[in-house]
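# Overview (structure and organization)
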Amino acid sequence: GKYGVVIKAHYKDPNQIISLNAKQNSFQNINELPLVALKKLVPQADKEIDGADSIPEANILKELNHQNIVSLKSVIESDIHQENNYLVLEYMDFDLYDIIISHKEINRVLTLPMIKCIFYQVLKGMKYLKDQRIIHRDIKPRNILIGKNGIVKIADFGCALKVPASENKVYTCF
């Protein structure tokens, strides 16, 4: 995406990430380690980042704890020039876009109960964000993640904005 590239990786401990591209003979039982989504942050020329506390997406995700919001496991800062900063996020199996396309390719539609279940969980996540005074600003099928267990989570808070409680500014226009 615009603000980062996401890859699947195995999570060994908070200080060690093993990429799926790693050689199998380097690690024993790599497939037994839990999966995470590793988001490499793309530095923005107009924004200077000085440590994990100034990464806006990480700051917002640290505050959130809801079953329908993707969770942040860790932040990896590997270089002072912000060339290799990573967010370690909860891994989800699919995104809504891929599910819609896969159903279309086999001439099937999502059933009404499936649509209701997905939409209900998205609304629960959006309600939580509203209560936390956070505007996501990039809700789309690619940012709606779905696990094999049917749990739906809102992801990609790179464009999100935390609105101060005292502020009465208009942020959206219809």
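Definitions and limits used
- Residues numbered from 1 in each chain as written.
- Predicted model: local features only at pLDDT ≥ 70, side-chain atom pairs only at ≥ 80, totals over all residues.
- Heavy atoms only, no water.
- Helix = DSSP H or I, 4+ residues; strand = E, 2+ residues; numbered from the N terminus.
- Buried < 20%, exposed > 50% of the residue type's maximum accessible area, 1.4 Å probe, protein only.
- Pairing = 2+ DSSP bridges.
- Contact = heavy atoms within 4.5 Å.
- Axes fitted to C-alpha atoms, helices over the stretch in contact; angles between N-to-C directions.
- Arc of directions from axis to C-beta.
- Polar contact = N/O pair within 3.5 Å; in protein donor to acceptor, adjacent residues only side chain to side chain.
- Core = buried A, V, L, I, M, F, W, Y, C linked by side-chain atoms within 4.5 Å.

### A word on the environment of Ala-58
Note that Ala-58 resides in helix α1 (residues 56–63). Judged by its relative accessible area of 0%, Ala-58 falls in the buried class. Sequence spacing of Ala-58 and Val-88 is 30 residues, and the spatial spacing of their C-alpha atoms is 9.7 Å.

### Observations concerning the sheet that holds strand β8 (residues 144–146)
Taken in spatial order, the three strands make up an open sheet running β6-β8-β9, and their pairing is antiparallel. With partners counted over all chains shown, the strands left at the sheet margins are β6 (94–95) and β9 (152–154), one partner each. The sheet contact formed by β8 and β9 spans three bridges and is antiparallel. Counterpart to Ile-144 in the pairing with β9 is Ile-154. Taken strand by strand, helix α3 (residues 112–131) contacts β8 and β9, and its axis lies near 35° from that of β9.

### Quick word on unusual backbone geometry
In this structure, Arg-137 takes a positive phi of about 70° despite not being glycine. By relative accessible area, Arg-137 is classed as exposed at 54%. A positive phi angle, near 60°, is found at Asp-156, a position not held by glycine.

### Quick word on helix α2 (residues 96–105)
Of all the residues in α2, the buried ones are Leu-96, Ile-99 and His-103. Down the axis of α2, the buried set is contained in an arc of 60°. They therefore lie on one face. Facing away from the buried side of α2, by more than 90 degrees, are the exposed residues Lys-104 and Glu-105. Where α2 begins, the capping side chain belongs to Asp-95, and its oxygen is found 3.1 Å from the backbone nitrogen of Tyr-97. Taken from the residues just after α2, Asn-107 is the one with a positive phi, measuring 55°.

### Things to note about the nonpolar core
Among the nonpolar cores identified, the biggest contains 29 residues, and Leu-61, Leu-64, Ile-69, Leu-87, Leu-89, Leu-129 and Phe-157 are the most heavily contacted of them. Looking at this core, the elements that each hand over two or more residues are β3 (35–41), α1, β5 (85–90), α2, α3, β8 and β9. In this structure Leu-64 touches Ile-69, Tyr-128, Leu-129, Gln-132, Ile-134 and Phe-157, once residues within four positions along its chain are discounted. Of all hydrophobic cores here, the second largest spans six residues; its members include Tyr-11, Val-36, Leu-38 and Val-88.

### Some words on the pairing of β5
Here β5 lies mainly inside the structure; six of its six residues are buried. As paired elements, β3 and β5 share five bridges and run antiparallel to each other. Looking at the pairing, Leu-38 lines up with Val-88 of β5. As judged from the five bridges shared by strand β4 (residues 72–77) and β5, these two strands associate in the antiparallel manner. In the strand pairing of β5, Ile-76 is matched with Tyr-86.

### Some remarks on the side chain of Lys-153
Positionally, Lys-153 belongs in strand β9. Residue classification places Lys-153 among the buried positions, given a relative accessible area of 9%. Separated by 3.0 Å, the side chain of Lys-153 and the backbone oxygen of Gln-67 make a polar contact. Beyond its immediate chain neighbours, meaning those up to four positions away, Lys-153 contacts His-66, Gln-67, Asn-68, Ile-69, Val-70, Glu-90, Met-92, Asn-143, Ile-144 and Leu-145.

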